[in-house]
Amino acid sequence: MTKGPFVAMSVATVALGTALGSLALELRAQGYEQYVESVSTFSVLMYITAALVVMTWVRDGRPHSN
């Protein structure tokens, strides 16, 4: 496979994770504590997803053995 889809997916999920992290900080500053944990969890999940996409990209680039 080409690098394009992997790079685009990684960048998009990291950007979403960063945006959600910023939202969690803003929610905490505004006093919406009941939502901070959920948004923070989803932010971390986006970073994990990006790491898994990169891992898949690396594994796809390795030669396949039969």
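Because the structure is predicted, anything quoted here is derived from the model rather than measured. (Residues numbered from 1 in each chain as written. Predicted model: local features only at pLDDT ≥ 70, side-chain atom pairs only at ≥ 80, totals over all residues. Heavy atoms only, no water.)

(A) A look at helix α2 (residues 33–61). Taking 1.5 Å of rise per residue, the 29 residues of α2 would be expected to cover 42 Å, and the 43 Å separating its terminal C-alpha atoms lies within 8% of that figure. All of the buried residues in α2 are V36, V39, S43, M46, A50 and V53. (Helix = DSSP H or I, 4+ residues; strand = E, 2+ residues; numbered from the N terminus. Expected span 1.5 Å × (residues − 1). Buried < 20%, exposed > 50% of the residue type's maximum accessible area, 1.4 Å probe, protein only.)

(B) Spotlight on the nonpolar core. Formed by L20, A24, L27, V36, V39 and M46, the largest nonpolar core amounts to six residues. Those elements that provide at least two residues to this core are α1 (4–30) and α2. Look past the residues within four positions of L27 in its chain and what remains in contact with it is Y32, Y35, V36 and V39. (Core = buried A, V, L, I, M, F, W, Y, C linked by side-chain atoms within 4.5 Å. Contact = heavy atoms within 4.5 Å.)

(C) Local environment of the UniProt feature "transmembrane region" (unreviewed entry) in the chain. Residues annotated by UniProt as "transmembrane region" (unreviewed entry) correspond here to residues 39–58. With 100% helix and 0% strand, the stretch residues 39–58 has end C-alpha atoms that lie 29 Å from each other. (UniProt positions renumbered as here; feature names shortened; annotations may be inferred.)

(D) Examining the side chain of T13 more closely. With respect to the helices and strands, T13 occurs in helix α1. A distance of 3.1 Å separates a polar atom in the side chain of T13 from the backbone oxygen of S10. Residues within four places of T13 in sequence aside, it is in contact with M46, T49 and A50. (Polar contact = N/O pair within 3.5 Å; in protein donor to acceptor, adjacent residues only side chain to side chain.)

(E) Molecular detail of α1. Over its 27 residues, α1 runs 39 Å from end to end, which matches the ideal 39 Å to within 8%, given 1.5 Å per residue. Of all the residues in α1, the buried ones are F6, S10, T13, G17, L20, A24 and L27. Tucked into the core, α1 has its buried residues touching α2.

(F) A nonpolar patch on the surface, seen in detail. Taken together, V44, I48, L52 and M55 make up a surface patch of nonpolar side chains, about 360 Å² in accessible area. Locating I48 in the fold gives a position in helix α2. (Patch = residues over 30% accessible without salt bridge, like charges linked within 9 Å, V, L, I, M, F, W, Y side chains within 5 Å. Areas by Shrake-Rupley, 256 points an atom, 1.4 Å probe, with all protein chains shown as cover. Salt bridge = Lys/Arg side-chain N within 4 Å of Asp/Glu carboxyl O.)

(G) The packing of α1 against α2, seen in detail. Interaxial distance between α1 and α2 falls to 8 Å at its minimum, and their mutual angle equals 165 degrees. Classified by the interaxial angle, the pair formed by α1 and α2 is roughly antiparallel. Classified by chirality, the crossing of α2 by α1 is left-handed. In terms of residue class, the contact of α1 with α2 is built from 19 nonpolar, nine polar and three charged. (Axes fitted to C-alpha atoms, helices over the stretch in contact; angles between N-to-C directions. Parallel < 35°, antiparallel > 145°, perpendicular 65-115°, else oblique. Left-handed = near helix turned anticlockwise from the far one by under 90°. Nonpolar A, V, L, I, M, F, W, Y, C, P; charged D, E, K, R; others polar.)

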